[in-house]
Each structure stands twice: as C-alpha cells, then as structure tokens.
Amino acid sequence: MIDRLDRKILQILQEDATIPVAEIGRRVGLSTTPCWRRIQKLEEDRVITKRVAVLDPKKVNAKVTVFVSITTSQHNEEWLKRFAEVIRDVPEVVEFYRMSGQVDYLLRVVVPDIEAYDLFYKRLISRIDIADVSSAFAMEQIKYATALPLNYIPLEKDKGMA
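For clarity, every value in this text was computed on a predicted model and none was experimentally measured.

### Focus on the environment of Tyr152
For Tyr152, the location among the structural elements is in the segment after strand E4 (132-137). Looking at Tyr152, the relative accessible area reads 67%, which means it is exposed. Between the C-alpha atoms of Tyr152 and Tyr105, which are 47 residues apart in sequence, the distance is 27 Å.

What follows is the structure, encoded as structure tokens:
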C-alpha cells in the first residue's frame, strides 16, 4: 500500500527522475536512507516501472503524430498475438490500444513527415491482414503529460517517518 509520503515521492519523481534521493527526502521530510528504501520498495512493487528521458519530438525528427484506427475482421487470439508481434517491432508506434466500440485498435504513431507515414503504412499492411485503416494527423498538440494523476491512489494510513 502507498501512503502520503510515497505519493509525494512519486509526484517528485514523475516531474524529474534525476533529482537526487537526498533532495527528494528533504522535500518530503525524510532522511536519505528511508527515502531511498521507499523508492526501492516502489520499484520492487512495480509502482515505478522505469525511469526514462522524455525527448523533444521536433529535435529528434519525430514531429508528426498520427492516430491510426484499425478495424479487423479477425477477432481471435492468434491474430491478436501476431498483430501485437508486428506492432512491437515497429518503433514508430509509441502507443497501442485494444478498443471498445467501432474501432478495434488505436495506434499513436510518430514520424518525421507524411512520406515516412506512408512508408510505415505500407510496411504495416504488408505484414498483417487488416480490414480497415483510418489515419488522423494531429494538427497541434495542446496537452501532453507523462505524469499520472496520483490523487486516485487509495492511501494506507501513514507508515510513520521510517
């Protein structure tokens, strides 16, 4: 279970995972060792799954975002497994969801330009049978966040300061 101190630690790490443990501890009112232990426990419990660098898409030439809606006529585990394998091998796909409603799968794809998207599209349809593909190009990114909302975490009674 997570308490208020863990939640504060998570908030700090979501904003900047490079902050030294001593500084995180200072901000939440813990000394370095107990703070480090809490972070280690959050990692062991897979609350923290990775620490990554968030890149500027324009500076790495991945400035075009495309939302790709996919419909299939094959609703079986074998097809889904094959499709997931195909998508895992495609670095341009940065998010992949199975959906409810009219669309079966939604991909978020990042590429440098429309020509690169066309190449991605041709590679995709050559590797797996898809009934329909619809692409929507993002005109402007209005909000982008990597931090998850933490106010929904059911809190354990505080563990104390240790």
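### Section: helix H5 (residues 114-127)
With 14 residues, H5 extends 20 Å between its outermost C-alpha atoms, agreeing within 8% with the 20 Å of an ideal straight helix rising 1.5 Å per residue. Looking at the buried residues of H5, the elements they touch are strand E1 (64-71), helix H4 (77-88), strand E2 (93-98), strand E3 (105-111) and E4.

### Some words on the layout of surface pockets
Reported here for the largest pocket is a volume of approximately 1500 Å³. The wall of the largest pocket is formed by 42 residues, among which Val52, Val54, Tyr144, Thr146 and Ala147 lie closest to the centre. Secondary structure elements with two or more residues in the lining of the largest pocket: helix H1 (4-15), E1 and E3. Considering only residue class, the lining of the largest pocket consists of 27 nonpolar, five polar and 10 charged.

### Some thoughts on the pattern of salt bridges
Taken as a whole and assessed by the stated rule, the structure comprises 10 salt bridges. For Asp45, the salt bridge identified is with Lys41, shortest N-O distance 2.8 Å. Look at Asp45 and you get partly exposed, because its relative accessible area is 41%. Overall, Lys41 belongs to the partly exposed group, its relative accessible area being 40%. Each of Asp3, Asp6 and Arg38 takes part in one network of salt bridges that share partners.

### Things to note about the packing of helix H2 (residues 21-28) against helix H3 (residues 32-44)
Axis separation between H2 and H3 bottoms out at 8 Å; the angle between their running directions is 100°. Compared by their axis directions, H2 and H3 come out roughly perpendicular. Residues Val21, Ala22, Ile24 and Gly25 of H2 form the contact with H3, whose participating residues are Thr32, Cys35, Trp36 and Ile39. Along the lines of polarity and charge, the residues of the contact of H2 with H3 split into six nonpolar, two polar and no charged.

### Remarks on the pairing of E1
Counted residue by residue, E1 has six buried out of eight residues, so it is predominantly covered. Here seven bridges tie E1 to E3, and the two strands are oriented antiparallel to one another. Of the residues in E3, the one forming a bridge with Val64 is Val111. Pairing of E1 with E4, which is carried by six bridges, proceeds in the antiparallel orientation. Opposite Ile70, over in E4, you have Val133 as the bridge partner.

Criteria and cut-off values
- Residues numbered from 1 in each chain as written.
- Predicted model: local features only at pLDDT ≥ 70, side-chain atom pairs only at ≥ 80, totals over all residues.
- Heavy atoms only, no water.
- Helix = DSSP H or I, 4+ residues; strand = E, 2+ residues; numbered from the N terminus.
- Buried < 20%, exposed > 50% of the residue type's maximum accessible area, 1.4 Å probe, protein only.
- Expected span 1.5 Å × (residues − 1).
- Contact = heavy atoms within 4.5 Å.
- 1 Å grid on protein atoms, 1.4 Å probe; cavity = no way out; pocket = protein on both sides within 12 Å on 5 of 7 lines; lining within 4 Å.
- Points joined across faces, edges and corners; volume = space filled by probe spheres on them.
- Nonpolar A, V, L, I, M, F, W, Y, C, P; charged D, E, K, R; others polar.
- Salt bridge = Lys/Arg side-chain N within 4 Å of Asp/Glu carboxyl O.
- Axes fitted to C-alpha atoms, helices over the stretch in contact; angles between N-to-C directions.
- Parallel < 35°, antiparallel > 145°, perpendicular 65-115°, else oblique.
- Pairing = 2+ DSSP bridges.

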